[in-house]
Amino acid sequence: MMQNEQIGDATAQNEKLVLPKIFADHMVLQRHKPIPVWGKAGDSEEVSVEFMGRRKTVKAVSGRWRMELDPAPAGGPHGMTISCEDSEIAIRDIMIGEVWIAGGQSNMGYSFREIYGEETAWMVDAFNDDDFEGALSGIRLFKVEEYAADEPADDVRDGQWREVSRERMLPLAAVPVFFACALKRRLNVPVGIVQVSRSGTKASCWIPRSAACSAPAISMYREEFVEEEERLGRDDLRRPFGLYNGMVSPIQPYAMCGVIWYQGESDALEQKGRRYGTLFPALLQAWRSGWGGEAFPFLYVELPDYVDGLDEWELVRTAQNRTLELVSNTGMIATRDLGEADNLHPRNKRPVGERLAALAMKQVYGVEAAGKE
C-alpha cells in the first residue's frame, strides 16, 4: 500500500495531492460529456486517475493539474482513484447522470423545514408519487457553504454530497429537490444538484469583478460597486463579487448540464431594478465564460407577485423577460400565480421546481409535459 494512502475517504487530503471538495464520495458526474478533474500536486508530479477501467495521467505544472475523462453513460455506482508517486485518494459511490447548478437567493435555498416545520407527514402528498422512496432514490445534493472572497478561491470553503432521503429531507432546499425529483421521474437517471445560494443577495454578488471592469455595459456601475463594497465591508457576504469568487468560481469547470436560477428580489427591494436589466444578462454570460464558454441552458424563475404597484419588482421582471431575447439558450417559468402578496417567500415550492423541470424537459431534453403542476 502506498505511503499516505487515503483509501475510503475522498475528503481526506495530504500535502502531495489535493482535490476540490466537490470531488467526494456520493458525487454525481454529468453523463455524455467530457469530465474535467483537477487539483494540486507537487510541481512536475505525475498524477493518474483511474475511472471505469481506464487510466489517464497528466503532469502537474506549478503545482496544479487538470485532465478530462472520457464521456460516460448514466449508471453507477463507480469508484475513482487519483494517485501520484506516494499519495492516493479513492472516491466511492459515484453515480453518472444529470448535474444541474441551483443558484440564487433565499427562495432557491428555502428549505422544507422552513416551509413545513418539523412535521414529516406531508412528504408523500407533497411529492405526489406512489413510490415516494423511489422518487428520491438516485438524487444527490452538494450544498456549497456560503462564503464571499475578495479574489476567485481555489476551492469552496465546505460542502459534501448528500443522498436525498426521507430522513435527510427537512434541511434540504425545496425547489432544487422538487426539480430533481421531476427530472429523475422522467429521465430515470441519477440527478445531482450543486446548490449555490445565499439569502438577501443582489445580482452583483454573483458576477466576477472582471466583468465589472471589462464589460462596457456594466462598467457604468463601477462606482456603485465600489461604494457598496466600502459600505458593506469585507465580512458582509452581500458585497459585490464576493459570492461568485467564493462559491461559483471554485466549482468551475465541474461538468454539468445547466443552471436553474431564482433571484432578483433583493435587487428590487434595494431599488436596483433598473440596473438588473444590465447585470442579469452579464451574469449569465460571465458564468458561461467561467465554464469554458459553453452556452449551457440557463433556466430561471420570473418573480412571483409580492406587492401590488412595486415599480422595482416590475423592472426586474422586465429585465428577466428581456434577457430571453438577449441571451441564447435561456428559459423562464411564470410564477405570478404562486406569489403571496405579503410574503417574500411563497410556501408553494413544488410547482416552481416542477415547472423548471418541465421547461428543462422540453427545451433541453426535447420531451413535452414533464411533471405535474
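Anything mentioned here points back to the structure above.
A brief report on the enclosed structure follows.

Cut-offs applied
- Residues numbered from 1 in each chain as written.
- Predicted model: local features only at pLDDT ≥ 70, side-chain atom pairs only at ≥ 80, totals over all residues.
- Heavy atoms only, no water.
- Helix = DSSP H or I, 4+ residues; strand = E, 2+ residues; numbered from the N terminus.
- Axes fitted to C-alpha atoms, helices over the stretch in contact; angles between N-to-C directions.
- Left-handed = near helix turned anticlockwise from the far one by under 90°.
- Contact = heavy atoms within 4.5 Å.
- Nonpolar A, V, L, I, M, F, W, Y, C, P; charged D, E, K, R; others polar.
- Buried < 20%, exposed > 50% of the residue type's maximum accessible area, 1.4 Å probe, protein only.
- Pairing = 2+ DSSP bridges.
- Core = buried A, V, L, I, M, F, W, Y, C linked by side-chain atoms within 4.5 Å.
- Arc of directions from axis to C-beta.
- Phe/Tyr/Trp six-rings, centres within 6.5 Å; stacked < 30°, edge-to-face > 60°.
- Lys NZ or Arg CZ within 6 Å of the ring centre and 35° of its normal.
- Salt bridge = Lys/Arg side-chain N within 4 Å of Asp/Glu carboxyl O.

Mapped onto the secondary structure, S289 falls in helix α11 (residues 273-290). For the pair formed by S289 and Q252, sequence separation is 37 residues and the distance between their alpha carbons is 9.9 Å.

Now for the packing of α11 against helix α12 (residues 311-326). A pair of packed helices can be characterised by two numbers: the angle between their axes and the separation between those axes. The contact between α11 and α12 brings their axes to 8 Å, and the two run at 35°. Judged by the sense of rotation from one axis to the other, the crossing of α11 with α12 is right-handed. Residues G273, R274, Y276, G277, F280, P281 and L284 of α11 form the contact with α12, whose participating residues are E312, L315, V316, A319, Q320, T323 and L326. Residue classes in the contact of α11 with α12 are distributed as 8 nonpolar, 4 polar and 2 charged.

Consecutive side chains along a regular strand alternate between the two faces of the sheet. Judged by how many residues are buried, strand β12 (residues 191-197) sits mostly within the fold: 7 of 7 residues are covered. Residues of β12 alternate between two faces, with V191, I193, Q195 and S197 on one and G192, V194 and V196 on the opposite face, all of them buried. Bridge count for strand β10 (residues 139-143) against β12 is 5 bridges, and the pairing is parallel. Residue pairing for β12: F142 is matched across the bridge by V194.

Within the largest apolar cluster, 76 residues are counted, with the highest numbers of intra-cluster contacts made by W65, M80, W206, W261, W287 and F298. Setting aside anything within four residues of it in sequence, one finds W261 in contact with G103, G104, M108, W206, Y276, F280, L283, W287, F298, L299, Y300 and V301. Core analysis: the next-biggest nonpolar cluster, separate from the first, contains 42 residues, W122, L172, F178 and A180 among them.

All right, on to helix α8 (residues 222-232) then. Here α8 has its buried residues at F225, E228, E229 and L232. Down the axis of α8, the smallest arc covering the buried residues is 100°, so these residues share one side. Along α8, exposed side chains directed more than 90 degrees from the buried face belong to E223, E230 and R231. The secondary structure elements touched by the buried residues of α8 are α6 (209-214), α7 (216-219) and α11. Just downstream of α8, G233 is the residue with a positive phi angle, here 85°.

Turning our eyes to something else, we now look at the packing of aromatic side chains. To describe a pair of aromatic rings, you give the distance between the ring centres and the angle between the ring planes. Applying the stated criterion to the full structure yields 17 aromatic pairs. Pairing F112 with F178 gives two aromatic rings, centres 5.4 Å apart and planes at 70°, and the pair type is edge-to-face. Residue F112 is located in helix α2 (residues 112-116), and its partner F178 is located in helix α5 (residues 174-187); the two are separated by 66 residues in the primary sequence. F178 carries the same exposure label as F112, and that label is buried. Considering the side-chain rings of W261 and F298, the 6.0 Å spacing of their centres and the 50° angle between planes classify their relative orientation as tilted. Remark: F298 occurs in strand β14 (residues 298-301) and W261 occurs in strand β13 (residues 258-262); sequence separation between them is 37 residues. Aromatic rings pair up to connect W206, W261, Y276, F280, W287, W291, F296, F298 and Y300 into one cluster. Geometry around F296 places R288 over its ring, the cationic atom sitting 5.8 Å from the centre.

Under the definition given, this model contains 32 salt bridges. Ionic pairing is found between E146 and R198, a salt bridge with its closest N-O pair at 3.1 Å. Of the two residues, E146 is situated in the loop between β10 and β11 (161-163) and R198 in the loop between β12 and α6; the sequence distance between them amounts to 52 residues. Since its relative accessible area comes to 34%, E146 is described here as partly exposed. You can call R198 buried: its relative accessible area is 19%. In this structure, D150 and R239 form a salt bridge, with 2.9 Å as the shortest nitrogen-oxygen distance. Placement of D150 in the loop between β10 and β11 and of R239 in the loop between α8 and α9 (242-248) is noted, with a sequence separation of 89 residues between them. Assessed through its relative accessible area of 28%, D150 is described here as partly exposed.

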